[in-house]
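So the chains spell out like this:
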Amino acid sequence: MHPEQHITIAIDGFSSCGKSTLAKALAQKLHYTFIDTGAMYRCVALYALRNGCVLGPHKINLSCIVSSLPEINIRFGDTDQQENRIVLLNGEDVSDAIRQLEVADIVSEVAAIKEVRESLVKQQQELGKNGGVVMDGRDVGTVIFPQAELKLFITAQPKIRAKRRFLELQAKGETNSLEEILENLEHRDHIDSTRAISPLKQAEDAIVVDNSEMDQQQQLDYVLNIIKNKTNLQH
Ligand code: DC
């Protein structure tokens, strides 16, 4: 295995443990394409919110969402900088809108719908079919690309994850409390890991990375070292 062979790197793990940050940094370093599969579920959730398919906290109208699927077009905008890749929902830049807690509060329920998963998994497989991708999500190494050459399973303690998300949202001017964020994280972890279809679980051949005690640079260096060791082993 060699990164220059344009391998597929699958990054799965719990909510808010820095998967996307790591995936973006890796993509930039290796000149790969970064694909954030969670952003795609968030787009469907945002569409559902805006179109009356959400009935209340954690309550969704299943048939409303399923019948809306053909009207939902999700694209990643091209920019030179992987970290600034914008997310387009029916042509509109929703990169910030999909990060709001309102969307986070409903997205796990949306992501548990069979038809939603079937539609998005197909699109994700198409987006990554040529390799040279770093894809992050919950089922990348188990369902989307079970043959990925490198699978990472990222984890960190819930309180540390909530604090990181809190600071991130605060920097964007959002006023959610730390407790509210921790509650949302634990709720999503529970739904994501217990749902019937493609639950979040560690692939047998995934390497576990607990980044509770690492900053972003340490995590990137740690993973680049894993890639280097794997490369050396197989040459
Ligand atoms: O990674 P994220 O927090 O942006 O993901 C948003 C939600 O989408 C999360 O609650 C789980 C779900 N998801 C999923 O079920 N499968 C994926 N491949 C990616 C995300």
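This section reports on the structure supplied with the text. (Residues numbered from 1 in each chain as written. Predicted model: local features only at pLDDT ≥ 70, side-chain atom pairs only at ≥ 80, totals over all residues. Heavy atoms only, no water.)

### Topic: the overall build of the protein chain
In terms of helices and strands, the protein chain carries 9 helices and 10 strands. A globule of 235 residues ought to have a C-alpha radius of gyration of about 18 Å, and the protein chain, at 17 Å, matches this closely. Along the longest, intermediate and shortest principal axes, the C-alpha atoms of the protein chain span 55 × 35 × 35 Å. For the protein chain, the residues scored as buried account for 50% of the 235 residues in total. Put simply, 74% of the contacts in the protein chain that link residues at least 6 apart link residues at least 24 apart. When the accessible surface of the protein chain is summed, it comes to about 11,600 Å², and 49% of that surface belongs to carbon and sulfur atoms. Taking the 26 positively charged and 33 negatively charged side chains of the protein chain as two groups, their mean positions are separated by 2 Å. (Helix = DSSP H or I, 4+ residues; strand = E, 2+ residues; numbered from the N terminus. Rg over C-alpha atoms; globule rule 2.2 N^0.38 Å. Buried < 20%, exposed > 50% of the residue type's maximum accessible area, 1.4 Å probe, protein only. Contact = heavy atoms within 4.5 Å. Areas by Shrake-Rupley, 256 points an atom, 1.4 Å probe, with all protein chains shown as cover. Lys, Arg positive; Asp, Glu negative; His and termini not counted. Charge placed at Lys NZ, Arg CZ, Asp CG, Glu CD.)

### Overview of the site of the ligand
Every one of the 15 residues lining the ligand counts as a neighbour, but Arg42, Arg117, Asp139, Arg188 and Arg195 are closest to it. A distance of 2.8 Å separates an oxygen atom of the ligand from a polar side-chain atom of Arg195. Relative to its unbound accessible surface of 450 Å², the ligand loses 98% to contact with the protein. Ranked by residue count, the leading element in the shell around the ligand is helix H2 (residues 37-50), at 4 residues. A per-class count over the shell around the ligand returns 3 nonpolar, 4 polar and 8 charged. (Near = heavy atom within 4 Å. Polar contact = N/O pair within 3.5 Å; in protein donor to acceptor, adjacent residues only side chain to side chain. Nonpolar A, V, L, I, M, F, W, Y, C, P; charged D, E, K, R; others polar.)

### A word on the state of the cysteines
Tallied over the full model, the rule gives 1 disulfide. Between the sulfur atoms of Cys53 and its disulfide partner Cys64 the distance amounts to 2.0 Å. Given an S-S torsion of about -60 degrees, the disulfide between Cys53 and Cys64 has left-handed geometry. With a gap of 11 residues between them, Cys53 in the loop between H2 and strand S3 (54-56) and Cys64 in helix H3 (residues 62-68) connect regions that are remote in the sequence. In this pair, the class of Cys53 matches that of Cys64, namely buried. (Disulfide = S-S within 2.5 Å.)

### Some details on the sheet that holds strand S6 (residues 87-89)
In space, the 3 strands of this open sheet follow the order S5-S6-S7, with antiparallel pairing throughout. Strand pairing shows two members of the sheet lacking a second neighbour, strand S5 (74-76) and strand S7 (92-93), which therefore form its edges. Of the strand pairs in this sheet, S5 and S6 are connected by 3 bridges, and their pairing is antiparallel. Of the residues in S6, the one forming a bridge with Arg75 is Leu88. Sitting on the sheet, H2 is in contact with S5, S6 and S7, with an inclination near 35 degrees to S6. (Pairing = 2+ DSSP bridges. Axes fitted to C-alpha atoms, helices over the stretch in contact; angles between N-to-C directions.)

### Quick word on the sheet that holds strand S9 (residues 150-155)
Within a sheet, neighbouring strands are paired by backbone hydrogen bonds and run either parallel or antiparallel to one another. Taken in spatial order, the 5 strands of this open sheet run S2-S8-S1-S9-S10, and their pairing is parallel. Both outer strands of the open sheet, strand S2 (33-36) and strand S10 (207-210), are each paired with one neighbouring strand and no more. Strand-to-strand twist of the sheet, defined as the mean angle between neighbouring strand axes without regard to direction, takes the value 20 degrees. For S9 and S10, the ladder comprises 4 bridges, and the chain directions are parallel. Residue pairing across strands places Leu152 opposite Ile207, the latter belonging to S10. Of the strands in this sheet, strand S1 (8-13), S2, strand S8 (133-137) and S9 touch helix H1 (residues 19-30), which is tilted by about 165 degrees from S1.

Everything listed is a geometric property; what it means functionally is a separate question.
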